[in-house]
Amino acid sequence: MPSALRSLVAPATSENKQKKRKRRRRIGESPRQISSRAAVDGEEQHVGEEEEGDEGAEEGFKLKAAASPTIQPLGNLLLADPSANIRDRGLGTLRALSDELLLDVLGLLRGRDLAVLSTVSKSLYVFSTHEPLWRSLVLDELEGRFSFAGSWRSTYASVVSPLLPDQTPPSSLAVSNFYSDYLFQSWLCANMEMKPEWVARDNIERGRGISVDEFVARFEEPNKPVLLEGCLDGWPALRKWTRAHLLRVCGDVEFSVGPAQMTLRRYFRYADAAKEERPLYLFDPRFAEKVPEMDSDYQVPVYFREDLFALLGRERPDYRWVIIGPAGSGSSFHVDPNSTSAWNAVVSGSKKWVMFPPEVVPPGVHPSPDGAEVACPVSIMEWFMNFYEQCKTWRKRPVECICRAGEVVFVPNGWWHLVINLEDSVAITQNYEKFVECSEFPWETQCK
Amino acid sequence: MASQDCEAAASSRAAAASSQDCEAAASSRAEKEEQKTVRVAASSRAKKKEQKTVRVAASSSRAEKEEQKEERRTVRVTSNDGEEFEMDEAVARGSVMLRHMMELGIALDGVTLPIVSGEILALAVSYLRFHRDYDDGGSGYGYGYSYGYHSESEDTALTNFDRDLVKQLDQATLLDLLAASNYMEIEGLLRLTCQTVAEKLKGKTTEEIRQTFCIQNDYPPEEEEEVREEISWALEEKSLD
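Residues numbered from 1 in each chain as written. Chains lettered and ligands numbered in written order. Predicted model: local features only at pLDDT ≥ 70, side-chain atom pairs only at ≥ 80, totals over all residues. Heavy atoms only, no water.

**Section: the overall build of chain A**
Here is step 1: Each helix and strand in chain A was counted, giving 17 helices and 19 strands.
Here is step 2: Within chain A, the proportion of its 448 residues that are buried is 57%.
Here is step 3: Within chain A, residue pairs in contact and separated by at least 24 positions form 79% of the contacts whose partners lie at least 6 positions apart.
Here is step 4: As presented, chain A carries roughly 19,100 Å² of accessible surface, and 51% of it is formed by carbon and sulfur atoms. (Helix = DSSP H or I, 4+ residues; strand = E, 2+ residues; numbered from the N terminus. Buried < 20%, exposed > 50% of the residue type's maximum accessible area, 1.4 Å probe, protein only. Contact = heavy atoms within 4.5 Å. Areas by Shrake-Rupley, 256 points an atom, 1.4 Å probe, with all protein chains shown as cover.)

**Quick word on unusual backbone geometry**
Here is step 1: For A:N223, which is not a glycine, the phi torsion comes out positive at approximately 60°.
Here is step 2: For A:N223, the position within the fold is in the loop between α10 (212-220) and β6 (226-229).
Here is step 3: The residue B:C214 is not glycine, and still its phi comes out positive at about 55°.
Here is step 4: Its location among the elements puts B:C214 in the loop between α8 (206-213) and α9 (221-230).

**Some words on the packing of aromatic side chains**
Residues and elements named next belong to chain A.
Here is step 1: One pass over the full model with this rule turns up 32 aromatic pairs over all chains.
Here is step 2: With centroids separated by 6.4 Å and ring planes inclined at 50°, the aromatic side chains of Y267 and F268 adopt a geometry described as tilted. Both residues of the pair, Y267 and F268, belong to the buried class.
Here is step 3: Against the face of F268 rests R243, its NZ or CZ located 4.1 Å from the ring centre.
Here is step 4: Lying across the ring of F287, R320 places its NZ or CZ 5.7 Å from the centre. (Phe/Tyr/Trp six-rings, centres within 6.5 Å; stacked < 30°, edge-to-face > 60°. Lys NZ or Arg CZ within 6 Å of the ring centre and 35° of its normal.)

**Comments concerning the sheet that holds strand β2 (residues 84-88) of chain B**
All names here are of chain B.
Here is step 1: Pairing within the open sheet is mixed, and its three strands lie in the order β2-β1-β3. Edge positions in the sheet fall to β2 and β3 (111-112), since each has one partner strand and no second.
Here is step 2: Summarising the sheet, strand β1 (residues 74-78) and β3 pair through two bridges and their orientation is parallel. The residue bridging V77 from the neighbouring strand is V111, located in β3. (Pairing = 2+ DSSP bridges.)

**Concerning helix α3 (residues 96-103) of chain B**
Residues and elements named next belong to chain B.
Here is step 1: The buried fraction of α3 is high, at six of eight residues.
Here is step 2: Among the residues of α3, those classed as buried are V96, M97, L98, R99, M101 and M102.
Here is step 3: On the buried face of α3, the contacting elements are β1, β2, α2 (89-92), β3 and α6 (171-183).
Here is step 4: Of the residues flanking the end of α3, it is G105, one or two places downstream, whose phi is positive at about 75°.

**Focus: the interface of chain A and chain B**
Here is step 1: Of the residues lining the interface, 40 residues belong to chain A; the matching set on chain B comes to 42 residues.
Here is step 2: Looking at the side of chain A facing chain B, the largest losses of area belong to A:R112, A:T119 and A:V120, adding up to 17% of the total buried there.
Here is step 3: Between the two partners, chain A and chain B, sit two salt bridges.
Here is step 4: Note that B:E223 is salt-bridged to A:K122, the shortest N-O span being 3.5 Å.
Here is step 5: Applying the counting rule to chain A against chain B returns 13 residue pairs in polar contact (both at pLDDT 80 or more). (Buried area = accessible area lost by both parts, 1.4 Å probe. Salt bridge = Lys/Arg side-chain N within 4 Å of Asp/Glu carboxyl O. Polar contact = N/O pair within 3.5 Å; in protein donor to acceptor, adjacent residues only side chain to side chain.)

**Considerations on the confidence of the model for chain A**
Here is step 1: Summary statistics for chain A give a mean pLDDT of 81 and a share of 79% for residues scoring 70 or more.
Here is step 2: Note on residues 1-58 of chain A: pLDDT under 50 across the span, and 174 contacts to partners over four residues away in sequence or across chains. (pLDDT = per-residue confidence, 0-100.)

**A few points about the pairing of β6(A)**
Residues and elements named next belong to chain A.
Here is step 1: On β6, burial covers both faces: V226 and L228 on one face and L227 and E229 on the other are all buried.
Here is step 2: Relative to β6, strand β5 (residues 206-208) is paired through three bridges, and the arrangement is parallel. Within the sheet, the bridge partner assigned to R206 lies in β6 and is L227.
Here is step 3: Considered for its hand, the β-α-β crossover made up of β5, α10 and β6 is right-handed.
Here is step 4: Relative to strand β17 (residues 407-411), β6 runs antiparallel, the two sharing four bridges. (Right-handed = clockwise from strand over helix to strand, strands pointing away.)

**Focus: the environment of B:I120**
Here is step 1: Checked against the element boundaries, B:I120 lands in helix α4 (residues 118-134).
Here is step 2: Along the backbone, B:I120 and B:S79 are 41 residues apart, and their C-alpha atoms lie at a distance of 8.6 Å.

**Some points on the packing of helix α3 (residues 99-106) of chain A against helix α7 (residues 187-201) of chain B**
Here is step 1: Their axes nearest at 8 Å, the elements α3(A) and α7(B) cross at an angle of 65°. One element, α3(A), and the other, α7(B), form an angle in the roughly perpendicular class. Crossing handedness for the pair α3(A) and α7(B): right-handed. Across the interface between the two elements, A:L101, A:D104, A:V105 and A:L106 of α3(A) pack against B:L190, B:C194, B:V197, B:A198 and B:L201 of α7(B).
Here is step 2: Taken together, the residues that form the contact of α3(A) with α7(B) break down as eight nonpolar, no polar and one charged. (Axes fitted to C-alpha atoms, helices over the stretch in contact; angles between N-to-C directions. Parallel < 35°, antiparallel > 145°, perpendicular 65-115°, else oblique. Left-handed = near helix turned anticlockwise from the far one by under 90°. Nonpolar A, V, L, I, M, F, W, Y, C, P; charged D, E, K, R; others polar.)

**Observations concerning the nonpolar core**
All names here are of chain A.
Here is step 1: Within the largest apolar cluster, 152 residues are counted, with the highest numbers of intra-cluster contacts made by F215, Y267, W383 and F384.
Here is step 2: Setting aside its immediate chain neighbours within four residues, Y267 contacts V257, M262, L280, Y281, L282, I324, G325 and P326.
Here is step 3: Within the second largest apolar cluster, 13 residues are counted, among which are I204, A342, M355 and C403. (Core = buried A, V, L, I, M, F, W, Y, C linked by side-chain atoms within 4.5 Å.)

**Regarding helix α12 (residues 243-250) of chain A**
Residues and elements named next belong to chain A.
Here is step 1: Considered for burial, the residues of α12 that qualify are H245, L246 and C250. Burial along α12 is one-sided: seen end-on, the buried residues are contained in an arc of 95°.
Here is step 2: Summarising the contacts, the buried residues of α12 are in contact with α11 (237-240), β7 (254-257), α13 (264-273) and α15 (292-296). (Arc of directions from axis to C-beta.)

**Considering the domain arrangement of chain A**
Residues and elements named next belong to chain A.
Here is step 1: Examined at the domain level, chain A breaks down into domain 1 (65-191) and domain 2 (196-432).
Here is step 2: Using C-alpha coordinates to define each centre, domain 1 is positioned 32 Å away from domain 2.
Here is step 3: In this complex, domain 1 contributes 17 residues to the contact, which on the side of domain 2 involves 20 residues.
Here is step 4: Taking both sides of the interface into account, the surface hidden between domain 1 and domain 2 amounts to around 1,600 Å²; carbon and sulfur atoms contribute 58%.
Here is step 5: Among the residues domain 1 hides against domain 2, the three largest losses belong to R135, F148 and C189. Together they make up 34% of the total.
Here is step 6: Our count for the domain 1 to domain 2 interface comes out at one salt bridge.
Here is step 7: Among the secondary structure elements, those contributing two or more residues to the side of domain 1 that touches domain 2 are α6 (131-142) and α8 (181-191).
Here is step 8: Of the residues assigned to the side of domain 1 that touches domain 2, the class counts are eight nonpolar, six polar and three charged. (Domains from an automatic or database assignment.)

**Quick look at the pattern of salt bridges**
Residue and element names in this part refer to chain A.
Here is step 1: Applying the stated criterion to the full structure yields 34 salt bridges over all chains.
Here is step 2: For the salt bridge of R145 with E143, the shortest nitrogen-to-oxygen distance reads 3.2 Å.
Here is step 3: Look at E143 and you get partly exposed, because its relative accessible area is 42%.
Here is step 4: Between E229 and R208 there is a salt bridge, and its shortest N-O distance comes to 3.4 Å. Of this pair, E229 sits in strand β6 while R208 sits in strand β5, placing them 21 residues apart in sequence.
Here is step 5: Via salt bridges that share partners, D202, R206, R208, E229 and E407 belong to a single interconnected network.

This is how it looks when you write it as structure tokens:
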């Protein structure tokens with residue numbers, strides 16, 4: 001039996017058919033958004049369906065351990081009684097709204113009202129327990145001051161009504177016969193792993209021990225990306241920055257995590273437990289001031305020391321970040337602002353990079369004419385699922401690589417780039433402006 | 001002789017007749033000519049008139065177009081049940097969907113919205129028209145937002161309009177308007193309708209929500225109890241039904 005049919009015939013609770021869906025990102029979100037999680041470790045549970053358009057009978061999506069879907073995609077209704085879908089029955093007049101619009105409305109509710117909704121019907125239970133809703137509530141109301149309790153909903157509840165030491169949190173209800181493409185896609189992106197073929201291609205040029213002049217001539221001048229090996233050998237950070245050490249040195253220092261400030265301790269607690277489409281990413285531009293020891297644990301690689309930004313002294317905009325995140329966190333496609341170039345050094349872990357030259361807009365990305373707004377799929381995982389295959393046949397293929405501990409990626413100015421952590425990773429990145437680029441600089445910054 | 005006479009007579013009669021005919025013919029020809037002339041004259045007059053009209057029309061439409069070029073271009077939007085609405089392009093730009101269609105040049109012969117009814121489209125258009133007068137204009141994205149660059153009285157007028165617009169709507173119309181504002185990408189109206197629906201969900205008990213939205217309870221009693229247990233923290237201050 002063809003593998004596509006096999007997945008439809010099997011019980012709906014154990015196998016699901018993936019349906020493609022393109023979603024547009026909301027206006028106003030920053031380019032450095034969090035992506036879905038992809039665990040490298042853990043047991044694999046086969047979903048076992050044929051990916052559309054793939055001739056090689058792909059194996060389907062591998063799910064993370066203990067992921068059990070309660071929501072099913074609409075395609076599964078083809079072999080079930082259409083009236084079996086409890087969605088509409090449980091919404092009453094609200095069934096007139098699409099899943100997205102209903103979630104937009106629910107996103108305006110406070111915690112108590114959202115919680116009460118889950119008692120109204122099974123369908124509203126599924127909608128009102130949608131994790132991104134609770135994440136917004138936690139981050140809005142509590143900012144970073146929370147201890148992640150396994151899910152955003154439990155986290156919110158635990159703050160409002162802390163459990164006594166011997167109390168166990170109530171378990172979630174298992175709902176069946178709920179079919180929804182939007183919610184299923186969201187669940188799938190949160191619970192699936194990166195496919196091997198998405199990380200297989202590595203076509204970036206590499207350089208080891210090259211001179212600065214050679215770097216400038218071969219890469220900086222012609223604006224080409226390169227992966228540099230061996231130039232972090234002198235960094236204390238490479239041997240020092242274990243999790244244990246970081247917790248000792250700055251476990252209670254608050255770092256920028258998405259819209260909030262969180263202690264490192266709390267962040268790790270979250271990162272270890274989160275199963276999300278877009279995990280929160282620790283991305284702090286003031287780590288060196290907050291933890292001076294970190295400043296002395298690294299130095300700018302020799303190739304990037306001529307930096308126009310340095311002339312601005314204290315007035316220079318944010319230019320360097322420490323980046324910490326679990327597998328699946330990262331940044332979806334964007335171009336760095338102000339025509340800057342960047343370097344990104346992995347201290348521990350590994351990152352998958354996909355880069356397109358300035359004149360090639362990645363598939364699925366729609367920049368506004370001034371480049372200020374970028375509309376692209378919600379998560380990195382969704383991009384890989386729906387768009388990665390498209391550029392296989394393009395004349396100008398993307399530049400791809402995996403950057404591992406001790407390696408540095410040079411991102412030339414104007415290049416589109418997408419990055420996803422393949423495991424728990426720590427990295428340092430800096431934007432810089434080479435002197436020769438002065439004339440391309442925006443006036444406002446020049447006049448500073 | 002007689003036959004000759006007859007013949008002659010006949011021929012003369014014939015001749016006479018023929019000449020009569022001729023005359024008649026001639027006169028009729030003349031008449032026809034005259035008529036033709038008249039017709040020609042008439043037609044040429046008509047033509048001249050027509051030409052004049054055409055010239056006038058052309059020049060006025062050119063003038064119109066130039067006028068339109070300077071400020072006032074309109075777009076015609078039709079609902080799925082045939083109701084037409086003509087509005088200034090500047091007003092229509094409040095809908096990002098219409099804005100893009102106009103920019104792409106595919107709205108010149110009007111736009112038909114297959115999923116929006118006349119009743120709903122009328123509400124959307126009235127929203128666009130009212131907000132256009134208060135908009136600080138130009139940004140496209142900012143249209144429909146109240147950025148606070150208005151005077152207090154303008155803000156009040158905006159708030160009053162929005163409140164009155166949604167106050168009168170029954171639930172089905174409100175939900176349809178929400179969906180339409182999403183479809184037509186009218187940001188401010190989408191926010192307004194979402195907020196209005198959200199208000200109907202706030203501060204209510206389980207049973208009140210079921211009644212408001214005609215929702216059937218599909219929980220078996222033991223599962224309902226389980227869920228209440230799950231969210232007991234939210235029910236603590238409320239009276240249970």
